[in-house]
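Structure at a glance
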Amino acid sequence: MPAVEIAAKDWLEDHSGRIAQECAVRLCLACCAVLPSDRAFAKLVDEQVLADLLELAFHGRRVMERRQLKSATIGSDPLWPPSSKAPPNGNLWDAFGIIIHAESLTLVWETPDLEGNPYQSSGRKPKFAGSLTAKSDQGEVKLPIGAIAASFIGSVLNQMAGTAK
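Before going into details, it helps to say that this report is about the structure given with it. (Residues numbered from 1 in each chain as written. Predicted model: local features only at pLDDT ≥ 70, side-chain atom pairs only at ≥ 80, totals over all residues. Heavy atoms only, no water.)

The subject of this paragraph is the pairing of strand 4 (residues 139-144). For a regular strand, side-chain orientation follows a simple rule: the groups alternate between the two sheet faces. In this sheet, strand 4 lies alongside strand 3 (residues 126-136) in antiparallel orientation, the contact comprising six bridges. If you follow threonine 133 over to strand 4, its bridge partner there is lysine 142. (Pairing = 2+ DSSP bridges. Helix = DSSP H or I, 4+ residues; strand = E, 2+ residues; numbered from the N terminus.)

Right, let's talk about the nonpolar core for a bit. Leu56, Leu92, Ile148 and Phe152 are the most contacted members of the largest nonpolar core, which has 36 residues in total. Among the elements of the structure, helix 1 (11-32), helix 2 (39-66), helix 3 (92-101), strand 3 and helix 4 (145-163) are those that each provide at least two residues to this core. Ignoring sequence-local partners within four residues, the contact set of phenylalanine 152 consists of Ala20, Gln21, Ala24, Leu56, Gly60, Leu92, Phe96 and Leu157. (Core = buried A, V, L, I, M, F, W, Y, C linked by side-chain atoms within 4.5 Å. Buried < 20%, exposed > 50% of the residue type's maximum accessible area, 1.4 Å probe, protein only. Contact = heavy atoms within 4.5 Å.)

With that out of the way, let us pick up helix 3. Buried within helix 3 we find Leu92, Trp93, Ala95, Phe96, Gly97 and Ile99. Regarding helix 3, its N-cap is asparagine 91, as a side-chain oxygen of that residue lies 2.7 Å from the backbone nitrogen of tryptophan 93 further along. (Polar contact = N/O pair within 3.5 Å; in protein donor to acceptor, adjacent residues only side chain to side chain.)

At their nearest, the axes of helix 2 and helix 3 sit 9 Å apart, and the two run at 135° to each other. Classed by the angle they form, the pair helix 2 and helix 3 counts as oblique. Along this stretch, helix 2 crosses helix 3, giving a crossing that reads as left-handed. Residues Leu53, Leu54, Leu56, Ala57, Phe58, Gly60, Arg61, Met64 and Glu65 of helix 2 pack against Leu92, Trp93, Phe96, Gly97, Ile99 and Ile100 of helix 3. For the contact of helix 2 with helix 3, the residue count by class is eleven nonpolar, two polar and two charged. (Axes fitted to C-alpha atoms, helices over the stretch in contact; angles between N-to-C directions. Parallel < 35°, antiparallel > 145°, perpendicular 65-115°, else oblique. Left-handed = near helix turned anticlockwise from the far one by under 90°. Nonpolar A, V, L, I, M, F, W, Y, C, P; charged D, E, K, R; others polar.)

Below, the structure is given as structure tokens:
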């Protein structure tokens, strides 16, 4: 089992913290990977990213609730600003709630600003999983995936690590 970077108060917090941390790391990696446009591969990535987002939202919100860390904001991490196509929604706790209660979630593929296309010889375009569209009875919201994951890592896990000392 991988090491967990947070110091938990109890088993439940440790379990949720470990799952949320693993999902956040996978989401950060998925959102910075430039991939070739391939329908079959994109479907596999869609399924994995959406599954990780749901798990991060559920377990991350549980950790935030147990630690009274509901004030983290999306895009406050200088290492991972939100996408220009999906500006920050504000509060991380609220974004997790939107994801958990959504009627539908759709991954939005974005085109990176690259000089030269590494997939040009195969006739494909580069793209990355940049944002998410969540639809509910409240309307439609576009959320930046990488910024959400980085905000959880940077805000919540760093605060928890600081309180564990």
